[in-house]
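Read off the chains here:
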Amino acid sequence: MRNLRYALAYGADAVYAGIPRYSLRVRNNEFNVLDNVAQGITETHAAGRLFYLTVNLLPHNAKLRTFLDDIAPAVEMGPDALIMADPGLIMLVRERWPDLPIHLSVQANTMNWAAVRFWQSVGIERVILSREVSLDDIAEIRQRCPEMELEVFVHGALCIAYSGRCLLSGYFNHRDANQGSCTNACRWEYSVHSAVENVSGEPVPPRPPEAESLHFIEEGERPGELMPIEEDEHGTYILNSRDLRAVQHVQRLTEIGVESLKIEGRTKSHYYVARTTQVYRRAIDDAVAGRSFETGLLGELENLANRGYTEGFYNRHADAEYQNYRQASSDSVHQRFVAEVTEFDAETGMAQLDVKNKFAVGDRLELITPEGNGDFLLEGMESLGGEPMQEVPGGGWRVRIPLPRSADRFTLITRYESV
């Protein structure tokens, strides 16, 4: 719910959420409670936006027995569409609710105009195209299927493998598993290299005598191309894809006539949701207004948690212009999310903050709001009791600071850092 509210505040035209039993959104999901689904739909519609309910799993027989009865209360709440992948579930929904709009999930792996025409023939209103399609593919689909709404992913995590749908072979060798030409990259020989964390928490090669607690792997035929091994409470992930970042292609996608650009934000923080939404909102508005792409948007996304960025499959061979985008100005600007505003006194200009990370008087900060962002120098800070403070050591603290302009409950603060 918190992420939904930040997405709406920072410019999303629509949000999507899934009930865990019938979607691929199982972890960290408050929409396992139908009251939250109802509240989400109510708040979204009150803001004049759209709410899509994700029902995109590919079920075994057992879930078919309960599907219609379980999903009926959510349908009665009035979502603007269901996002679905399984033809059987789509058939059941069409039979029970013939007027309910259905969007075809990316899980259906729709990659060509003939498949789009098929889904149109059975009443699908929008197709969310496969992540493997190129910009030229999207343009041809748009030309051949002018009456079908198209949606594409532009930011977020990329999958590596799902039962013959692995992206690893396509990423390394431009040979796609779902085209029958997989190179079995998951079975190649990889060696392990030590690593340490830099100030941004990213694995980098160690400089002796630093501790060697993290590691890289190296594929045998690609010496020097080191890929980080990461581990969290769920385990170690060796074959992680980089994250998709396609903000530089928003203008082309707008010109093609794609109806919707989609951000993948599963298990992400409200800060991540706010910043990605704000960046892509600005890119869309610039494209529609005919303004050139602002390369600084790349740098803003660079400061979010990511596994390194890729443009995915939009272009198989990067052109000279995109080579410049890869670096842009992001290498010299690093930020860390340090606080969010919980209260603001318009008379005194003082804001109460919920602190997330360390910062101090004299730091250069950025105020991030739905109305726009701005830098300021922190000139003072006090505890809630009014005692002056020079530094707050980390998360869990509540302090007050002066702000250069008004703030609301969706205001976030970052700190500029040197690397």
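A brief report on the enclosed structure follows. Everything numeric here is computed off the predicted structure, so don't read it as measured data.

### Things to note about the pairing of strand 18 (residues 364-369)
- Counting buried residues along strand 18, five of its six residues qualify, which places the element largely inside the surrounding structure.
- In textbook terms, the turn of a hairpin is the stretch between consecutive antiparallel strands, and for strand 18 and strand 19 (residues 372-377) this stretch comprises two residues.
- Pairing analysis gives four bridges linking strand 18 to strand 23 (residues 412-417), with the strands arranged antiparallel. If you follow E366 over to strand 23, its bridge partner there is T414.

### A look at helix 5 (residues 113-121)
- Capping of helix 5 at its N-terminal end is provided by N112; its side-chain oxygen lies 3.1 Å from the backbone amide nitrogen of A114.
- The first or second residue beyond helix 5 is G123, which carries a positive phi of 95 degrees.

### Let's talk about the pattern of salt bridges
- Evaluation of the coordinates by the stated rule reveals 25 salt bridges.
- The partner of R282 in a salt bridge is E300, with the nearest N and O atoms 3.0 Å apart. With R282 in helix 9 (residues 270-289) and E300 in helix 10 (residues 296-302), the pair connects residues that are 18 residues apart, well separated along the chain.
- Judged by relative accessible area, which is 26%, R282 ranks as partly exposed.
- Its relative accessible area of 14% is what places E300 among the buried residues.
- Here E382 and R400 are joined by a salt bridge, their closest N and O atoms 3.1 Å apart. Of this pair, E382 sits in strand 20 (residues 382-383) while R400 sits in strand 22 (residues 398-402); the two residues are 18 residues apart in sequence, bridging distant segments of the chain.
- Overall, R400 belongs to the partly exposed group, its relative accessible area being 23%.
- Each of R275, R282, E294, E300 and E366 takes part in salt bridges that share partners, so that together they form one network.

### Describing the environment of G380
- In this fold, G380 is placed in the loop between strand 19 and strand 20.
- On a C-alpha basis, the gap between G380 and P402 in space is 6.9 Å, while along the polypeptide they are 22 residues apart.
- Excluding residues that lie within four positions of it along the chain, G380 makes contacts with V361, I401 and P402.

### Quick look at the pairing of strand 2 (residues 50-55)
- Taken across its six residues, strand 2 has five buried, putting it largely inside the fold.
- One ladder, built from five bridges, connects strand 1 (residues 14-18) with strand 2; its direction is parallel. Within the sheet, the bridge partner assigned to V15 lies in strand 2 and is F51.
- Across four bridges, the pairing between strand 2 and strand 3 (residues 81-84) is parallel. Residue pairing for strand 3: Y52 is matched across the bridge by A81.
- Following the chain from strand 2 across helix 3 (residues 61-76) to the adjacent parallel strand 3, one finds a crossover that is right-handed.

What counts and what doesn't
Residues numbered from 1 in each chain as written. Predicted model: local features only at pLDDT ≥ 70, side-chain atom pairs only at ≥ 80, totals over all residues. Heavy atoms only, no water. Buried < 20%, exposed > 50% of the residue type's maximum accessible area, 1.4 Å probe, protein only. Helix = DSSP H or I, 4+ residues; strand = E, 2+ residues; numbered from the N terminus. Pairing = 2+ DSSP bridges. Polar contact = N/O pair within 3.5 Å; in protein donor to acceptor, adjacent residues only side chain to side chain. Salt bridge = Lys/Arg side-chain N within 4 Å of Asp/Glu carboxyl O. Contact = heavy atoms within 4.5 Å. Right-handed = clockwise from strand over helix to strand, strands pointing away.

Note that all results are geometric; they support no functional claim without further evidence.
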